[in-house]
Amino acid sequence: MRVFKILVLLFLLPVVRGSTVQLKNGGYEDIVIAINPELPEDDNIIRNIQDMVKEASTYLFNATKQRCFFKSVKIIIPLHWLPKPEYLSVKTESYDKADVIVANPYLKYGDDPYTLQYGGCGEKGRYIHFTPNFLLNDNLYNIYGSRAKVFVHEWAHLRWGVFDEYNNNAPFYVSINSGNASVEATRCSASVTGKYIVQSTTRECKYDEQTKLYEAGCKFVPDKTQNAPASIMYMQSLPSVVEFCDQSTHNEKATNMQNKMCNYRSTWEIIMNSPDFSNTSPINSTSPPFETSFSLLQTKDRVVCLVLDVSGSMGGNNRIKRLYQAAEIFLLQIIEMGSWVGIVTFHSTAQIKINLQQIVTENVRQDLITYLPTTAGGGTNICEGVRKGFEVIKQKYSNLYGSEIVLLTDGEDSGMGSCLMEVKNSGSIIHTIALGPSAAQELEQFSNMTGGLKFYATDTVDSNGLIDAFSGISSGSGNISEQSIQLESTALSVAVKQWMNGTVTVDSTVGNDTFFVVTWDGITSPPDILLRDPKGKEYRTSNFTVSNLNLQTARLNIAGTAEVGDWLYWIQNNHTDSQIISMIVTSRAASMDVPPVTVKAHMNKYTNNFPNPMVIYAEVSQGFLPVLGATVMATVEPQTGSAVELKLLDDGSGADITKNDGIYSKYFTSFNGNGRYNLKVRVQGRNQTVRLGRRQSRALYIPGYIENGEIKMNAPRPEPSDEEIQAKLGSFNRVATGGSFVVENVPSGGITDVFPPCKITDLEAQSEEDKIHLSWTAPGNDLDEGQADRYIIKMSESLLDLRNTFENATSVNTSSLVPKPAGTKESFQFKPENVTIENDTIIYFAIRAVDNASLTSEVSNIAQVALFVTPKESSPDGAPNDDAINEGISVLAIVLIVAGCVAAVLIAVSLTVCILHKKNRR
């Protein structure tokens, strides 16, 4: 077994959302770019992807100072595109695990390339999204620059976890240089020149007395010809831009996400600290040593073989019956129509129960469940089971490429190392389900090596863990409209003659192929069931089907499209003892044209060493649009002990990096011993839920350029209407499994307080007459859970001093400030003491939280207050400032007026003297 672990370490690929990208001798290999199956066939998409990446390889090589380039790329072609001789078969690659996806935006317009980023500074992103229009429409060059530059911009988000250096929400900020205040565009580097133009009229912007910045609608329009070589994360479209901002060019004053998330460090510093470059040196070459190579891979019909443990231990804890219930749901409700399925069982040896069958009718589904195991006995030989699963697939296909094995076991097996290389090189994806506390600890390595999913189910029946695991094994093809969506999965111990009641909402985005399934663990006769649809139609126990092969499951398939609205159910335990009763509801999309609301649950990592905290993420979206306002609850079930329930938030504080992006987050610190943990997320949306249209971390939409003194504006960015971005989805329910994760090194004697309050990332400051008003979201006692003990607030006229030497900065008296519970909005107003506030001054503020064990959070983001009468409007192109021009004009006018008045008086006096002189002569 020790040899097995060493081999695993040698062969295990870095897994980020299933990404298989490797960096070898400066070359990025096995980058996966997947074309969405909804897109019509167009060879130009493939051709332009290849051109983009080839050009980007050279650009990346120079931008990273000869450190890296793109060596090999795999492009996944949709199944419905016509086969070609050059198209190979996918192996373990899939749309769901791709590094780059090409897909239409959900809204009919909007081609901003973006990267979905869940994590903090330096953490890898999830995927890059390009629209086909971006890849095909050359008219977008003026807006985003070359596709190659955009790709490198997004690659930096994805691979190195850096952030944008512009900010559409705060496009300007006040800067003070040499004692003078000026308004600057949020940018990096600050030496990028241009003018401030109102896009709709192309006139120069005016200063706004209220905001102390430029008027609404003002845009910074750059000069097309620049001397500034940085930065790729700001305005990659400029011809002069070939570098990332480094320490010498970084603009730490800019109010952008890079400064906020990365503690005011430059993008190049973050990139050089990444694992890719921490111990590397430049390549001795003026160009990439290899041209990018491409493999074209075409998907095929889904092929799945269930490899199920039926060893003696499966007879305990009702496991074999629970396996039947869960696998039956998979075969009847989850796996997609058109898929091929086979079944293998194993103990000391393995047996083929049924060879591959294509699911073309409901009768095939019904036939398949008759081959599910019902008895258990014998030892455990996992490799025999896997090999027999491979044999089933090879009876139809010449190789295992792109096939899937669902491997379930509850036992240990010291011989797993014997098939390690076979599994690794097979080209098959292995999804693993560990059942109970004794399942082989090495099981997950099969999934890690092949890009499969990992699940863990305890013997606690009321968690539905095994059913949820099978329900989570949907196709990774990207065909959302075909995938089964879990609306409900709940279980409860119900006393004799008592009721289990609930509501399941069927929303307008789902309703086809809808199943209501009731399971129980007592006697074989079903409980009394009453289900009522939104129009009052009732279904009773007699309407549900109970299979002769599975006497503890009742199933109802709703004909056609299920009614939209609340479905109410009442289930009474008519047994003589209490029993566990569960309700599982699945459905599919109501329409091919409207994407359903989906939930993807993740941990930030799937192996963890205590005391490192972990983060739970739940991405709630409709198509590519974030869904806001939902209530998201996560349940984490340990190997032993009670489950922990946490509310995930999308408020931009704590573990959540961006407010209102549809990614709900929370730190997880409740470690209850070593071993496996299971994650399940429940989402409930009510009528206030809305959709918004834009993702963060996207390439900048350039408003226009100044060429040879002439302003050339681009068309304004297409914006969705208020009706589209605020359309109510109505109510909805979703349940999603986040798979399993493993924690090690948890102290056996119990956990002491090792987690400080989390970093405050949303500190804001405003001046109100002679007082300063600060606001932020309260952290917790342990990261973002609980309540901190006190705050330390510091202020300084130097941003970098506050960042680097927080303790030496001027303290703010916080004796009256008592922290509120985590997630609550804090507000604090005070009059600065021991500081001389003068005009044209900027004061910076930062805060740390301290818990009751004296553990202290990191220094917060830095907020600023500018104190001035009127800042000068910045003129980065070196043109004279309007105020100076107006001032010069005013002085000249006064001089002319005074001179004119003096001349008039002299003329009047002269005339008077002349007249009097003539009279005297007469």
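Located above this text is the structure these notes cover.
Treat the numbers as computed from the prediction; the structure is a model and nothing was measured. (Residues numbered from 1 in each chain as written. Predicted model: local features only at pLDDT ≥ 70, side-chain atom pairs only at ≥ 80, totals over all residues. Heavy atoms only, no water.)

(A) Main features of the overall build of the protein. When its secondary structure is counted, the protein shows 17 helices and 49 strands. A globule of 922 residues ought to have a C-alpha radius of gyration of about 29 Å, and the protein, at 33 Å, matches this closely. The dimensions of the protein, computed from C-alpha atoms along their principal axes, are 145 × 65 × 55 Å. Classification of the 922 residues of the protein by burial places 54% in the buried group. Counting only contacts in the protein whose residues sit at least 6 apart along the sequence, the fraction spanning at least 24 positions is 75%. Counting only carbon and sulfur atoms, one obtains 49% of the accessible surface of the protein, whose full area is about 38,000 Å². (Helix = DSSP H or I, 4+ residues; strand = E, 2+ residues; numbered from the N terminus. Rg over C-alpha atoms; globule rule 2.2 N^0.38 Å. Buried < 20%, exposed > 50% of the residue type's maximum accessible area, 1.4 Å probe, protein only. Contact = heavy atoms within 4.5 Å. Areas by Shrake-Rupley, 256 points an atom, 1.4 Å probe, with all protein chains shown as cover.)

(B) Region of the structure containing the packing of aromatic side chains. The full count for this structure, using the stated rule, is 32 aromatic pairs. Between the aromatic rings of Tyr28 and Phe70, the centroid separation amounts to 6.2 Å while the plane-to-plane angle is 40 degrees, which identifies the pairing as tilted. With Tyr28 in strand 2 (residues 27-29) and Phe70 in strand 4 (residues 69-70), the pair connects residues that are 42 residues apart, well separated along the chain. No difference in accessibility class separates Tyr28 from Phe70, as the two residues are buried. Here Tyr677 and Phe741 contribute two aromatic rings whose centre-to-centre distance is 5.3 Å and whose plane-to-plane angle is 10 degrees, an arrangement assigned as stacked. Pair noted here: Tyr677 is in strand 37 (residues 675-685) and Phe741 is in strand 41 (residues 732-744), with a separation of 64 residues, a long-range link. Taken together, the aromatic side chains of Tyr28, Phe70, Phe130, Phe134, Tyr144, Phe151, Trp155 and Tyr701 make up a single cluster linked through ring pairs. Between the NZ or CZ atom of Arg126 and the centre of the ring of Tyr118, over which it lies, the distance is 4.8 Å. Here the basic side chain of Lys300 rests over the ring of Tyr397, its NZ or CZ set 4.4 Å away from the ring centre. (Phe/Tyr/Trp six-rings, centres within 6.5 Å; stacked < 30°, edge-to-face > 60°. Lys NZ or Arg CZ within 6 Å of the ring centre and 35° of its normal.)

(C) Quick look at the pairing of strand 32 (residues 614-622). Of all the 9 residues making up strand 32, 9 are buried; the element is thus mostly covered by neighbouring parts of the structure. The alternating pattern of strand 32 places Met614, Ile616, Ala618, Val620 and Gln622 and Val615, Tyr617, Glu619 and Ser621 on opposite faces, both of which are buried. In this sheet, strand 32 lies alongside strand 30 (residues 597-603) in antiparallel orientation, the contact comprising 7 bridges. Bridge assignment links Met603 to a residue of strand 32, and that residue is Ile616. Judged from the 6 bridges that link them, strand 32 and strand 36 (residues 663-668) form a sheet pairing that is antiparallel. Residue pairing for strand 36: Tyr617 is matched across the bridge by Ser665. As paired elements, strand 32 and strand 33 (residues 625-628) share 2 bridges and run antiparallel to each other. Considered in strand 33, the bridge of Ser621 is made with Pro626. Between strand 32 and strand 33, which pair antiparallel and follow one another directly, the connecting turn spans 2 residues, one of which, Gly623, has a positive phi of 65 degrees. (Pairing = 2+ DSSP bridges.)

(D) Local environment of the pairing of strand 24 (residues 528-532). Examined bridge by bridge, strand 24 and strand 28 (residues 565-572) share 5 bridges and lie antiparallel to one another. Looking across to strand 28, one finds that Ile529 is bridged to Ile571. Taken together, strand 24 and the strand that follows it, strand 25 (residues 538-540), pair antiparallel across an intervening segment of 5 residues, in which Gly536 is found at a positive phi of about 95 degrees.

(E) Examining the packing of helix 9 (residues 319-334) against helix 10 (residues 362-369) more closely. The geometry of helix 9 relative to helix 10 is characterised by a closest axis approach of 9 Å and an angle of 160 degrees between their N-to-C directions. Here helix 9 is positioned roughly antiparallel relative to helix 10, judged by the angle of their axes. Two packed elements cross with a definite hand, and for helix 9 against helix 10 that hand is right-handed. Taken together, the residues of helix 10 that come into contact with helix 9 (itself represented by Tyr324, Glu328, Leu331, Leu332 and Gln333) are Glu362, Arg365, Gln366, Leu368 and Ile369. Taken together, the residues of the contact of helix 9 with helix 10 sort by class into 5 nonpolar, 2 polar and 3 charged. (Axes fitted to C-alpha atoms, helices over the stretch in contact; angles between N-to-C directions. Parallel < 35°, antiparallel > 145°, perpendicular 65-115°, else oblique. Left-handed = near helix turned anticlockwise from the far one by under 90°. Nonpolar A, V, L, I, M, F, W, Y, C, P; charged D, E, K, R; others polar.)

(F) Region of the structure containing the state of the cysteines. Enumeration according to the criterion identifies 4 disulfides in this entry. Across a sulfur-sulfur distance of 2.1 Å, Cys121 and Cys262 are joined as a disulfide pair. Across the S-S bond of Cys121 and Cys262 the torsion is about 105 degrees, and the bridge reads as right-handed. Of the two residues, Cys121 sits in the loop between strand 8 (114-116) and strand 9 (127-130) while Cys262 sits in the loop between helix 7 (257-261) and helix 8 (267-272), which places them 141 residues apart along the sequence. Looking at Cys121, the relative accessible area reads 23%, which means it is partly exposed. Each sulfur of the disulfide joining Cys188 and Cys245 lies 2.4 Å from the other. A torsion of -125 degrees about the S-S bond marks the disulfide between Cys188 and Cys245 as left-handed. Highlighted residues: Cys188 in the loop between strand 11 (180-185) and strand 12 (194-198) and Cys245 in the loop between helix 6 (232-235) and helix 7, separated in sequence by 57 residues. No difference in accessibility class separates Cys188 from Cys245, as the two residues are buried. What connects to what in the protein, once the bonded cysteines are numbered by sequence position, is 1-6, 2-5, 3-4, 7-8. (Disulfide = S-S within 2.5 Å.)

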